[in-house]
Amino acid sequence: MATRILAFSGSSRSGSFNVQLLSAAVGLARAKDAEVTVLDLRELALPLYDGDLEAANGLPDGAVRFKQAIREHDALLIASPEYNGFFTPLLKNAIDWATRPHTSDGQRGANPFPGKAAALLAASPGALGGIRALPAVRILLSGIGVLVAPTQMSLPLASKAFDDQGQLLDASHQVILESMVAELFKIAHPA
C-alpha cells in the first residue's frame, strides 16, 4: 500500500525557497513510490478565521476541501517559512479552519489531524534557515494530535542552496532531507 502524503507550504510567494525545498522532499517521497498531493494553501482562498463568520456561514469551501485532503492522506509534508521567529499566518489560519468542530461537510466534530504523521521543513535566505519557526509548528501540530517526525530540515542561505533544476547543492543537506522523508514513512506506517 502506497503512503499517501499531502504536501503544502506556509509560503505562497512566487519563487519561495520553502516551496523549492518542499518540491525536493516531494521528489524523494515519490521516488519511494508515495502518492503525493501538493496543495497551494493560497488556492483555498480562506478568510482570516472569525468565529462570527463561521457561525453565520459555516466553513468556507476551501476549509472543507483542506479537511478532506488531510483525511485522505496518511502523512503531511509541511514547509514553514519563518516570519519574525514564528510560522506564517497563512499556515496557522489554514490549520485553524481545518480543526473547527462544526463543518458543513457532514463530519461534525471531526478534526482530521489526529494520528497523521508529519515532517517539517524550513528554508530561509538568512543564516538560521527558518529554524526558529519549526518548534512552534511542532507544538501546534502535536497539540492537535499529529505525530511529528523528530528529524526536521532547516535550510540556511537558501538563495544559494539549489541548482538550476531545483536540486540541493550540498550533499549534507540532501542526506538530512532523505533521512527526514524516510522517517516520515516509518511514522506513517510503523512496522
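On a predicted model such as this, the values are computed, not experimentally measured, just so you know. Each chain has its residues counted from 1, running along the sequence as written. Under the rules for a predicted model, residues below a pLDDT of 70 receive no local features and side-chain atom pairs below 80 are neither given nor counted, while totals for whole chains, interfaces and linings still include all residues. Only hydrogens and water are set aside when side-chain values are computed; all heavy atoms of the structure are taken into account.

### Some remarks on the overall build of the protein chain
Next up, step 1: Helical segments are the DSSP runs of H or I of at least four residues, strand segments are the runs of E of at least two, and each set is numbered from the N terminus. Secondary structure summary: the protein chain contains 6 helices and 6 strands in total.
Next up, step 2: Order of helices (α) and strands (β) in the protein chain, N terminus to C terminus: β-α-β-α-α-β-α-β-α-β-β-α.
Next up, step 3: C-alpha atoms define the radius of gyration in this analysis, and the globule rule sets the expected value at 2.2 Å times the number of residues to the power 0.38. A compact globule built from 191 residues would reach a C-alpha radius of gyration of about 16 Å, and the protein chain, at 16 Å, matches this within 12%.
Next up, step 4: When its C-alpha atoms are laid out on the principal axes, the protein chain stretches across 50 × 40 × 25 Å.
Next up, step 5: Contact criterion: two residues are considered in contact whenever any of their non-hydrogen atoms come within 4.5 Å of each other. Sequence-distant contacts in the protein chain: of pairs separated by 6 or more residues, those separated by 24 or more amount to 77%.
Next up, step 6: Only the protein chains shown count as covering a residue, and every accessible area follows the Shrake-Rupley method with a 1.4 Å probe. Accessible area of the protein chain: about 9000 Å², with a carbon and sulfur share of 54%.
Next up, step 7: The charge count treats Lys and Arg as positive and Asp and Glu as negative. His and the chain ends do not count. Where a charge lies is defined by one atom per residue type: Lys uses NZ, Arg uses CZ, Asp uses CG and Glu uses CD. In the protein chain, 16 side chains carry a positive charge and 18 a negative one; their mean positions are 4 Å apart.

### What to know about the side chain of Lys116
Next up, step 1: In this structure, Lys116 sits in the loop between α4 (89–98) and β4 (117–123).
Next up, step 2: Within the buried core, Lys116 has no salt-bridge partner, and the shortest N-O distance to an opposite charge, that of Asp74, equals 5.7 Å.
Next up, step 3: Any pair of nitrogen or oxygen atoms within 3.5 Å is treated as a polar contact; in protein, a donor-acceptor pairing is required on top of that, and neighbouring residues in sequence qualify only through side-chain atoms on both sides. Within the structure, Lys116 has its side chain in polar contact with the backbone oxygen of His73 (distance 2.5 Å).
Next up, step 4: If near-sequence neighbours (up to four positions away) are discounted, Lys116 is found in contact with Ile70, Arg71, His73, Asp74, Gly145, Val146 and Leu147. Relative accessibility thresholds used throughout: buried, under 20% of the residue-type maximum; exposed, over 50%; partly exposed, between the two (1.4 Å probe, protein chains only). Note on definitions: salt bridges are taken to be side-chain nitrogens of Lys or Arg within 4 Å of carboxyl oxygens of Asp or Glu.

### Quick look at the pairing of β4
Both faces of the sheet carry side chains from a regular strand, because those side chains alternate between them.
Next up, step 1: The buried count for β4 comes to 7 of 7 residues, which makes it a mostly enclosed element.
Next up, step 2: The pairing of strand β3 (residues 75–79) with β4 spans 5 bridges and is classified as parallel. Along β4, the bridge assignment pairs Ile78 with Leu120.
Next up, step 3: Paired strands, as defined in this entry, are two strands with at least two bridges between them according to DSSP. Strand direction decides the pairing type here: β4 and strand β5 (residues 147–148), joined by 2 bridges, are parallel. In the sheet register, Ala117 faces β5, and the bridge partner there is Leu147.
Next up, step 4: Bridge count for β4 against strand β6 (residues 153–155) is 3 bridges, and the pairing is parallel. Residue pairing in the sheet places Leu121 in a bridge with Met153 of β6.

### Examining unusual backbone geometry
Leave glycine aside and you will find that most residues have negative phi; peptide bonds, for their part, are mostly trans.
Next up, step 1: The backbone phi angle of Ala45 is positive, close to 50 degrees, even though this residue is not glycine.
Next up, step 2: As for its placement among the helices and strands, Ala45 is situated in the loop between β2 (35–39) and α2 (51–57).
Next up, step 3: You will see that Leu157, though not glycine, has its phi angle at about 50 degrees, which is positive.
Next up, step 4: Here Leu157 lies in the loop between β6 and α6 (171–188).

### Considerations on α4
Next up, step 1: Listing the buried residues of α4 in full gives Leu91, Asn93, Ala94, Ile95, Trp97 and Ala98.
Next up, step 2: As for α4, its buried residues are in contact with β1 (4–9), α2, α3 (61–71), β3 and α5 (134–143).

### Structural notes on the nonpolar core
Next up, step 1: One finds Leu6, Phe8, Leu41, Phe66, Leu91, Phe113 and Leu141 to be the most contacted residues of the largest nonpolar core, which totals 33 residues.
Next up, step 2: Sorting the residues of this core by element identifies β1, α3, β3, α4, β4 and α5 as the ones contributing at least two each.
Next up, step 3: Aside from chain neighbours lying at most four places away, what touches Leu141 is Ile78, Ile95, Ala118, Leu120, Val146 and Val148.
Next up, step 4: Grouped together as the second largest cluster of nonpolar side chains are 31 residues, Leu21, Ala158, Ala161 and Ala188 included. Residues grouped as a nonpolar core are buried Ala, Val, Leu, Ile, Met, Phe, Trp, Tyr and Cys residues, joined through side-chain atoms within 4.5 Å.

### Let's talk about the packing of aromatic side chains
Next up, step 1: Between rings of Phe, Tyr and Trp, where Trp is taken as its six-membered ring, a pair exists when centres lie within 6.5 Å; planes separated by under 30 degrees are stacked, by over 60 edge-to-face, and by other angles tilted. Taken as a whole and judged by the stated rule, the model has 3 aromatic pairs.
Next up, step 2: Here Tyr49 and Trp97 contribute two aromatic rings whose centre-to-centre distance is 4.8 Å and whose plane-to-plane angle is 70 degrees, an arrangement assigned as edge-to-face. Remark: Trp97 occurs in helix α4 and Tyr49 occurs in the loop between β2 and α2; sequence separation between them is 48 residues.
Next up, step 3: Judged by relative accessible area, Tyr49 falls into the partly exposed class, the value being 28%.
Next up, step 4: The exposure class of Trp97 is buried, given its relative accessible area of 0%.
Next up, step 5: Ring centres 4.5 Å apart and planes at 25 degrees place the aromatic pair Phe86 and Phe87 in the stacked group.
Next up, step 6: Its relative accessible area of 6% is what places Phe87 among the buried residues.
Next up, step 7: Cation over ring: Arg13 sits above Phe17, and NZ or CZ is 5.6 Å from the ring centre. Geometrically, a charge over a ring is one whose NZ (Lys) or CZ (Arg) sits within 6 Å of the ring centre while staying within 35 degrees of the ring normal.

Functional significance is not addressed by these values, which are geometric in nature.
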